[in-house]
Amino acid sequence: MNIQFKKGVLELCVLVLLNKKDHYGYELVQKISEKFAISEGSVYPLLRRLTKEGYFTTYLKESIEGPSRKYYHLTPEGKVYLEKLYQEWKDFSIGVNQLIKEGVEND
Amino acid sequence: MTRQQFLEELREVLSMLPNKEREEIMADFEEHFENGLEAGKREDEICEALGKPQQIGKELAASYHLERAETTVSPGNIFRAVWAIIGLGFFNLVIVLGPFIAVLGIIFAGWVTGLAFTVSPVLLIFNYIISPDAFLLFEFFFSLILSGVGIFLSIAMYFVTRFIINGFIKYLSYNMRLVKGGFKNA
């Protein structure tokens, strides 16, 4: 898949996952890479950027197994941003699906 | 690659960043390794999945410099941001360096013209000192008009410069979002 394209989608995936519940970094990375191939390291720059933009807050929580983990929490601003990206994604995917359908039917 | 090697290479790329910023990033990756090992993965598997530390580090550094340029607009910050983003890959070189040179050219030309017009009466006075016979009233008044135009041009350039630079920073951040790599097939 196209790189630029996936980049935007990765952002949406992180936002959607955090909308459900708070996650720590490793967990987010695993959940996304289960679905499609990413360089896992690229999720961290994204998390930092969105945190600095005020879309996430972070807190440390001890884990039972080992060291404490940094959890990400979606802020109200993050929710607004998610809504915007989700809407864009819907419009986009409807458009592409329509074109694909037309293309396939014409064949 | 081992965890040690990965973290060392990442630290190396991030050496230009402030300590606090760098240590936060290092802690994130330490945590990633801890969690991965706990989940039963080997160090080399985790490294492989993360991608190249150089690329991740460059991306983090570019992101940091861009954010600095966005909050504090200064020539130094802008140059560092441009430089860091160019470092991300060849594609960025083309789409960032070209517009950057164009932007600098426009700003430079505008200021030089504005300032030259503004000081034109002074130049005429110099001309008069060097060769007093050549003094003409027409040239004198013309230079006064030029000076007035120059002052307005300089004031306009002040706002144009701010406008263009803000626009350019937006363009940079748009590129950061869109272009930077990090995917397996990048």
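This structure is a prediction, so every number in the text was calculated from the model and none was measured.

Calculation notes
Residues numbered from 1 in each chain as written. Chains lettered and ligands numbered in written order. Predicted model: local features only at pLDDT ≥ 70, side-chain atom pairs only at ≥ 80, totals over all residues. Heavy atoms only, no water. Helix = DSSP H or I, 4+ residues; strand = E, 2+ residues; numbered from the N terminus. Rg over C-alpha atoms; globule rule 2.2 N^0.38 Å. Buried < 20%, exposed > 50% of the residue type's maximum accessible area, 1.4 Å probe, protein only. Contact = heavy atoms within 4.5 Å. Areas by Shrake-Rupley, 256 points an atom, 1.4 Å probe, with all protein chains shown as cover. Lys, Arg positive; Asp, Glu negative; His and termini not counted. Charge placed at Lys NZ, Arg CZ, Asp CG, Glu CD. UniProt positions renumbered as here; feature names shortened; annotations may be inferred. Axes fitted to C-alpha atoms, helices over the stretch in contact; angles between N-to-C directions. Parallel < 35°, antiparallel > 145°, perpendicular 65-115°, else oblique. Left-handed = near helix turned anticlockwise from the far one by under 90°. Nonpolar A, V, L, I, M, F, W, Y, C, P; charged D, E, K, R; others polar. Pairing = 2+ DSSP bridges.

Enquirer: How should the overall build of chain B be read in this particular structure?
Expert: Across its full length, chain B carries eight helices and zero strands. Mapped from its N terminus to its C terminus, chain B presents α and β elements in the order α-α-α-α-α-α-α-α. The C-alpha atoms of chain B give a radius of gyration of 26 Å, which is well past the 16 Å a tight globule of 186 residues would have. Across the 186 residues in chain B, those meeting the buried criterion constitute 38%. Intrachain contacts of chain B at a sequence separation of at least 6 include 66% that bridge at least 24 residues. Accessible surface, chain B as shown: approximately 10700 Å² in total, 70% of it carbon and sulfur. Positive and negative side-chain charges in chain B, numbering 15 and 20 respectively, have mean positions lying 4 Å apart.

Enquirer: Is there a simple way to think about the UniProt feature "transmembrane region" (unreviewed entry) in chain B in this case?
Expert: Residues and elements named next belong to chain B. In the UniProt entry, the feature "transmembrane region" (unreviewed entry) is given for residues 81-104, 111-130 and 136-160. Spanning residues 111-130, this segment combines 95% helix with 0% strand, and its end C-alpha atoms are found 27 Å apart. Each end of residues 136-160 is marked by a C-alpha atom, and these two atoms are 35 Å apart; helix forms 96% of the span and strand 0%.

Enquirer: Just to check I follow, could you spell out the packing of helix α3 (residues 43-52) of chain A against helix α4 (residues 53-71) of chain B for this structure?
Expert: Between two packed helices, what matters for the description is the angle formed by their axes and the separation of those axes. Where α3(A) contacts α4(B), the two axes come as close as 10 Å, and the packing angle between them is 15°. With respect to each other, α3(A) and α4(B) are oriented roughly parallel. At the point where α3(A) passes α4(B), the crossing takes the right-handed sense. When α3(A) is examined against α4(B), the residues A:P45, A:R48, A:R49 and A:K52 are found in contact with a partner set consisting of B:I56, B:E59, B:L60, B:S63, B:Y64 and B:E67. Looking at the contact of α3(A) with α4(B) residue by residue, the classes come out as four nonpolar, one polar and five charged.

Enquirer: Would you mind showing me how to read the sheet that holds strand β1 (residues 23-24) of chain A here?
Expert: Paired through backbone hydrogen bonds, the strands of a sheet run either parallel or antiparallel to each other. Spatially, three strands are ordered β1-β3-β2 (chain A) in an open sheet, and the strand pairing comes out antiparallel. This sheet does not close on itself; its edge strands, each paired only once, are β1 and β2 (56-61) of chain A. In terms of strand pairing, β1(A) meets strand β3 (residues 69-74) of chain A through two bridges, oriented antiparallel. Counted as the bridge partner of A:Y24 is A:Y71 from β3(A). Each of β1 and β3 of chain A is contacted by helix α2 (residues 19-38) of chain B, which is oriented at about 110° to β3(A), the strand it contacts most.

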